[in-house]
Amino acid sequence: MSDIGPVVSRHGLARHGIVNHATAYWNLGASALYEHTVRGGHGRLAPGGALVVYTGQHTGRSPKDKFIVQEAATSDDIWWGEVNVATTEERFERLHAKVLAYFQNRDLYVQDLFAGADPEYRLPVRVVSESAWHALFAANMFIQPGHDQLQDFAPGFTVLHAPYLHADPARDGTNSQTFIVVHFGRRLILVGGSSYAGEIKKSIFSVLNYMLPARGVLPMHCSANIGPANDTAIFFGLSGTGKTTLSADSTRRLIGDDEHGWSDNGVFNFEGGCYAKVIKLSASAEPEIYATTHRFGTILENVVMDELTGALDLDDNRFTENTRASYPLDFIPNIAESGLGGQPKNIVMLTADAFGVLPPISSLTPGQAMYHFLSGYTARVAGTEKGLGNEPKATFSTCFGAPFMPRHPSVYAKLLGEKMEKTGAKCWLVNTGWSGGSYGVGARMRIEHTRALVRAALDGSLAEVPTRAHPAFGMAMPEACPNVPSEVLDPRNTWADKSAYDQTARDLSGRFESNFKQFEAYVGEDVKAAGIYAAA
């Protein structure tokens, strides 16, 4: 049993119950973790230097295999239900013992990291994995401390990651051989039975989503950037709606692409890296992200690589639509190095409308913003969750991130409302989904049109354009925008069959109305008045 690495914390693995391991490799850099991965047969080096890995059966998150331990200190604060599923202390202890026994006589990889760029709110995180490339993933995705901070690094939360260990559902009380179990009281996460690396980062995101609201911080499933006038913008949205793509703009500095907090100090990134979808990635449309796929230090997850030449095929979805690239944030050329931004001037809520009836952009009143934040309408995009299939599915994911919200949605909505009122931030709803018809008939919004609309919103010019209210949904649609055909701005104009559009819009209105009933008791009259209701 030995511990080696550039810096080994004096707060060792024994504090987690890990004993009799083989060699524990602490805080190794990318070169060493590449070498261990390739030597172990778990990855290949692609031309340009990226590390290509495959995750087998699990190519997306496994939400049905995630549990939270029901214990006295936190139980009353958890929004128990389909998203936050309770498990017992006894089952947790059984799985914990299984992981600890599994770790014995195995090499382990330890990364001590921070979640949160703002020192006032950052969480020290330790990831202990049997897999070298997952350790590199953690190092990419979180914030790396300085060497002087590692010697005395004491984790505030720990992830024990055993991707090749399978649970026994009958004995362990799981739904499958996969398990992701969070114990807030013990500040410990167990992950097993899945090699999909996103489970690591999303588990810590869920932890921050529980911890930060008690300190007046709104945790957000969003990207964020800063404009030439030092104006901060945030982009809410689920995976596949364009958070990463739209925030990586050469005219604006990127704060981060997925997870942020909004405090009285401003906006801060939770992460130190990006985890971008790369299926059908275009060098012309998304040059900054595309460049990372040919760079040393990037992990390419489930991307097809030619066995003989090593050539990458970003268009090939034979393994999954959810191909991913994990890379440090500084691989993007124009970043906010501090990971910090000021108070947001603009809020963009992204939706991939599979029905094709929402406008490509519209401005929202504060009441409408609260309504759409709680509704979280979008289409779940293929591949981001196990069992989703190949077609988008319309869904309502409250706060644009229901799978990661341990508290009741009203907690986050209340914080959003308070911060919007205090800062006067303007809110926009942007549809990156379909136009000219529903999925299967219409086409996906052109990225160049979406970029032009968002840029006009962020630079203030779109706010000066005349608008008119959408007859079914109520939001204000601009009548013109530079570099965007005017007929695109009203979605009804893009449908050949107008009556089909009207019927589809009525159907979606009914879905909004039905979904929002669960939140009506938690909102004021202004939000109810801003709601979407089916025509009588």
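Everything below is about the structure printed above this text.
Residues numbered from 1 in each chain as written. Predicted model: local features only at pLDDT ≥ 70, side-chain atom pairs only at ≥ 80, totals over all residues. Heavy atoms only, no water.

## A short note on the packing of helix α9 (residues 366–375) against helix α13 (residues 498–516)
Stage number 1. Where α9 meets α13, the closest approach of the two axes is 10 Å, and the angle between their N-to-C directions is 80°. With respect to each other, α9 and α13 are oriented roughly perpendicular. Across the interface between the two elements, Y371, H372, L374 and S375 from α9 touch F512, E513, N515 and F516 from α13.
Stage number 2. Split into classes, the residues belonging to the contact of α9 with α13 amount to four nonpolar, three polar and one charged. (Axes fitted to C-alpha atoms, helices over the stretch in contact; angles between N-to-C directions. Helix = DSSP H or I, 4+ residues; strand = E, 2+ residues; numbered from the N terminus. Parallel < 35°, antiparallel > 145°, perpendicular 65-115°, else oblique. Contact = heavy atoms within 4.5 Å. Nonpolar A, V, L, I, M, F, W, Y, C, P; charged D, E, K, R; others polar.)

## Quick notes on the pattern of salt bridges
Stage number 1. Taken as a whole, this structure holds 24 salt bridges when the rule is applied.
Stage number 2. A salt bridge links K419 to D264; the nearest nitrogen and oxygen atoms lie 3.9 Å apart. A residue pair is termed long-range when its members are at least 10 positions apart, and K419 in helix α10 (residues 409–423) and D264 in the loop between β15 (259–263) and β16 (266–269) qualify at 155 residues.
Stage number 3. Of the residues examined, D264 reaches a relative accessible area of 56% and is grouped as exposed.
Stage number 4. We note a salt bridge from E525 to K528, for which the minimum N-O separation is 3.6 Å. Of this pair, E525 and K528 both sit in helix α14 (residues 525–529), separated by three residues, roughly a single helical turn.
Stage number 5. For E525, a relative accessible area of 58% translates into the label exposed. (Salt bridge = Lys/Arg side-chain N within 4 Å of Asp/Glu carboxyl O. Buried < 20%, exposed > 50% of the residue type's maximum accessible area, 1.4 Å probe, protein only.)

## Focus: unusual backbone geometry
Stage number 1. Even without being a glycine, N302 presents a positive backbone phi close to 65°.
Stage number 2. For N302, the location among the structural elements is in the loop between β18 (299–301) and β19 (304–305).
Stage number 3. Even without being glycine, F400 reaches a positive phi, approximately 55°.

## Some remarks on the nonpolar core
Soluble globular proteins tend to bury their nonpolar side chains together.
Stage number 1. Counting 46 residues, the largest nonpolar core has I234, F236, I347, M349, F373 and F473 as the members making the most contacts within it.
Stage number 2. Mapped by element, the contributors of at least two residues to this core are β12 (218–226), β13 (232–236), β23 (344–351), α9, α10, β27 (426–431) and α13.
Stage number 3. Those residues in contact with I234, other than ones at most four positions away along the chain, are M220, C222, S223, A224, W262, V267, P344, N346, I347 and V348.
Stage number 4. With 45 residues, the next largest nonpolar core counts L33, L113, V191 and I299 among its residues. (Core = buried A, V, L, I, M, F, W, Y, C linked by side-chain atoms within 4.5 Å.)

## Some remarks on the sheet that holds strand β4 (residues 51–53)
Stage number 1. With respect to topology, five strands assemble into an open sheet ordered β3-β4-β18-β21-β17, the strand pairing being mixed. Both outer strands of the open sheet, β3 (44–45) and β17 (273–277), are each paired with one neighbouring strand and no more.
Stage number 2. Sheet topology note: the β3/β4 ladder contains two bridges and is antiparallel. When the sheet's bridge partners are listed, L45 is paired in β4 with L51. (Pairing = 2+ DSSP bridges.)

## Examining the packing of aromatic side chains
Stage number 1. This structure, assessed with the given rule, holds 24 aromatic pairs.
Stage number 2. When the ring of F396 is compared with that of F512, the centres are 5.1 Å apart and the planes differ by 80°; the resulting orientation is edge-to-face. With F396 in strand β26 (residues 393–396) and F512 in helix α13, this residue pair connects regions lying 116 residues apart in the sequence.
Stage number 3. Its relative accessible area of 22% is what places F396 among the partly exposed residues. (Phe/Tyr/Trp six-rings, centres within 6.5 Å; stacked < 30°, edge-to-face > 60°.)

## Looking at the pairing of β23
Stage number 1. In terms of burial, β23 is a largely internal element, seven of the eight residues being buried.
Stage number 2. Taken together, the five bridges between β13 and β23 define a ladder with parallel strand orientation. The residue bridging T232 from the neighbouring strand is P344, located in β23.
Stage number 3. Pairing of β23 with β27, which is carried by six bridges, proceeds in the parallel orientation. Bridged to T351 within β27 is N431.

## Thoughts on the packing of helix α3 (residues 132–141) against helix α6 (residues 198–211)
Stage number 1. Packing of α3 against α6 brings their axes to within 9 Å, and their N-to-C directions diverge by 45°. By the angle class used here, α3 and α6 are oblique. In terms of crossing hand, the pair formed by α3 and α6 is right-handed. For the pair α3 and α6, the contacting residues are H134, F137 and M141 in the first and G198, I200 and K201 in the second.
Stage number 2. In terms of residue class, the contact of α3 with α6 is made up of three nonpolar, two polar and one charged. (Left-handed = near helix turned anticlockwise from the far one by under 90°.)

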